[in-house]
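Notes for the structure review
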Amino acid sequence: MFCTGCGKELQEGWVVCPGCGKAVNQGGTTLPADSTLSPGSGALTPRTREELKDELMGTAFTAKGSVVLFYGASGISRDLERVLQPGEEIIQFYHANRNSLIGQFKSLKMFRDYMVCTSQRLLYIESGRMAFSLIPFFRKVIAIPYQEVVRVEPGKRLGIYSGKLIVEKQSKRMNFAMLNSKDAAELADYLMEKKRGM
């Protein structure tokens with residue numbers, strides 16, 4: 001039996017495809033990528049904020065957890081609870097902001113602005129901290145499904161955020177400032193790899 005998402009061969013009894021993370025139903029085909037199996041119940045449920053927070057705390061001191069350590073698992077779990085689909089796995093975090101005057105203003109400590117690679121898409125999240133969290137203008141999520149990415153171009157720029165990433169999808173071109181050019185190149189490679197795999 002094979003996964004309908006990535007084509008990887010599945011063994012008897014597997015409930016999740018190790019290649020793409022899709023849940024496998026009893027008939028041998030995979031369930032939609034935006035679903036997850038609740039332990040013991042067989043029902044599809046989203047993760048709670050507490051579950052997300054525990055997951056983020058486990059990654060805080062790993063290579064992918066510098067963003068979690070900087071902004072805190074509580075705030076990030078609040079951001080992600082609103083946007084993550086059931087079954088969507090968190091792969092990597094990156095410090096980033098939009099390459100604009102407003103983006104530079106939002107990169108101050110009063111805001112959380114970062115990128116999250118998940119099993120299904122790239123998320124760019126801007127969220128105010130403290131009193132700014134109450135103002136909707138200071139909350140923004142840009143979700144880019146991997147299959148919509150047309151072109152990715154890393155680069156260098158001057159300033160605190162020394163990396164640059166240009167992500168082009170069918171209808172839009174977006175510029176992001178990243179902490180360093182190494183992160184920009186790593187993310188560009190990852191996005192293109194995901195695009196080829198779809």
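Residues numbered from 1 in each chain as written. Predicted model: local features only at pLDDT ≥ 70, side-chain atom pairs only at ≥ 80, totals over all residues. Heavy atoms only, no water.

**Thoughts on the overall build of the protein chain**
Applicable threshold: To qualify as a helix, a DSSP run of H or I must reach at least 4 residues; to qualify as a strand, a run of E must reach at least 2; elements of each kind are numbered from the N terminus. Per-residue accessibility, obtained with a 1.4 Å probe over protein chains only, is compared with the maximum for each type, and a residue is labelled buried under 20%, exposed over 50%, and partly exposed between these values. The contact criterion used is simple: two residues touch if any of their non-hydrogen atoms lie within 4.5 Å. All accessible areas in this document rest on Shrake-Rupley with a 1.4 Å probe, and a residue is counted as covered only by the protein chains that are shown.
What the protein chain contains, in helices and strands, is five helices and seven strands. Burial analysis of the protein chain (198 residues in total) assigns 41% to the buried set. When contacts within the protein chain are restricted to residue pairs at least 6 apart in sequence, long-range pairs at least 24 apart make up 46% of them. Summed over all atoms, the accessible surface of the protein chain reaches about 10,600 Å², with 56% contributed by carbon and sulfur.

**Some thoughts on the pattern of salt bridges**
As a reminder, the rule being used: Here, a salt bridge means any side-chain nitrogen of Lys or Arg that lies within 4 Å of a carboxyl oxygen of Asp or Glu.
What the rule picks out here adds up to six salt bridges. Between Asp79 and Arg112 there is a salt bridge whose closest N-O contact spans 2.9 Å. Here the residue Asp79 occupies a position in helix H3 (residues 73-83), and Arg112 occupies one in strand E2 (residues 111-118), the gap between them amounting to 33 residues. Judged by its relative accessible area of 4%, Asp79 falls in the buried class.

**Looking at the packing of helix H1 (residues 49-59) against H3**
So the rule is basically this: Between N-to-C directions, angles span 0 to 180 degrees; the directions come from axes that are lines fitted to C-alpha atoms, helices contributing only their stretch in contact. Each angle is binned into one of four classes, with values under 35 degrees roughly parallel, values over 145 roughly antiparallel, values of 65 to 115 roughly perpendicular, and all other values oblique. Two helices cross in a left-handed way if the nearer one is turned anticlockwise from the farther one by less than a right angle. They cross in a right-handed way if the turn is clockwise. All amino acids are sorted into three groups, where Ala, Val, Leu, Ile, Met, Phe, Trp, Tyr, Cys and Pro are nonpolar, Asp, Glu, Lys and Arg are charged, and the leftover types, Gly among them, are polar.
Between H1 and H3, the least distance of the axes is 9 Å, while the angle of their chain directions is 130 degrees. With respect to each other, H1 and H3 are oriented oblique. Where H1 crosses over H3, the handedness of that crossing is right-handed. When H1 is examined against H3, the residues Arg49, Leu52, Lys53, Leu56 and Met57 are found in contact with a partner set consisting of Ala73, Ser74, Ile76, Ser77, Arg78, Leu80 and Glu81. Residues of the contact of H1 with H3, tallied by class, amount to six nonpolar, two polar and four charged.

**Focus: the sheet that holds strand E6 (residues 163-169)**
Note the cut-off: Here the rule is simple: two strands pair whenever DSSP picks up at least two bridges between them.
Within the open sheet, the seven strands sit side by side as E4-E3-E2-E1-E7-E6-E5. Their pairing is antiparallel. Sheet topology places strand E4 (139-145) and strand E5 (149-156) at the edges, where each strand pairs with a single neighbour. Here the average twist between neighbouring strands, direction ignored, is 30 degrees. Where E5 lies against E6, seven bridges are found, and the strand directions are antiparallel. Bridge assignment links Pro154 to a residue of E6, and that residue is Leu165. Against the sheet, helix H5 (residues 181-197) contacts strand E1 (90-98), E2, strand E3 (121-128), E5, E6 and strand E7 (173-178), and its axis sits at roughly 165 degrees relative to E5.

**Regarding the environment of Phe93**
Positionally, Phe93 belongs in strand E1. In sequence terms Phe93 and Leu187 are 94 residues apart; their C-alpha atoms lie 9.8 Å from each other. In contact with Phe93, other than residues within four places in its own chain, are Leu56, Lys64, Val67, Val68, Ile76, Leu80, Tyr114, Met115 and Val116.

**Observations concerning H1**
Quick note on the threshold: By definition, the arc is the one covered by directions from the helix axis to the C-beta atoms.
Of all the positions in H1, only Leu52, Leu56 and Thr59 are classed as buried. Taken end-on, H1 shows its buried residues confined to a sector of 55 degrees, consistent with a single buried face. Facing away from the buried side of H1 by more than 90 degrees, the exposed set consists of Asp54 and Gly58. Check the buried side of H1 and you find it contacts helix H2 (66-71), H3 and E1.

**Let's talk about the pairing of E1**
The two faces of the sheet receive side chains in turn, since in a regular strand these alternate between them. Among the nine residues in E1, seven count as buried, and that is most of the element. The pairing of E1 with E2 spans five bridges and is classified as antiparallel. Each residue of the ladder has a partner; that of Ile90, found in E2, is Thr118. Pairing geometry for E1 and E7, over three bridges, is antiparallel.

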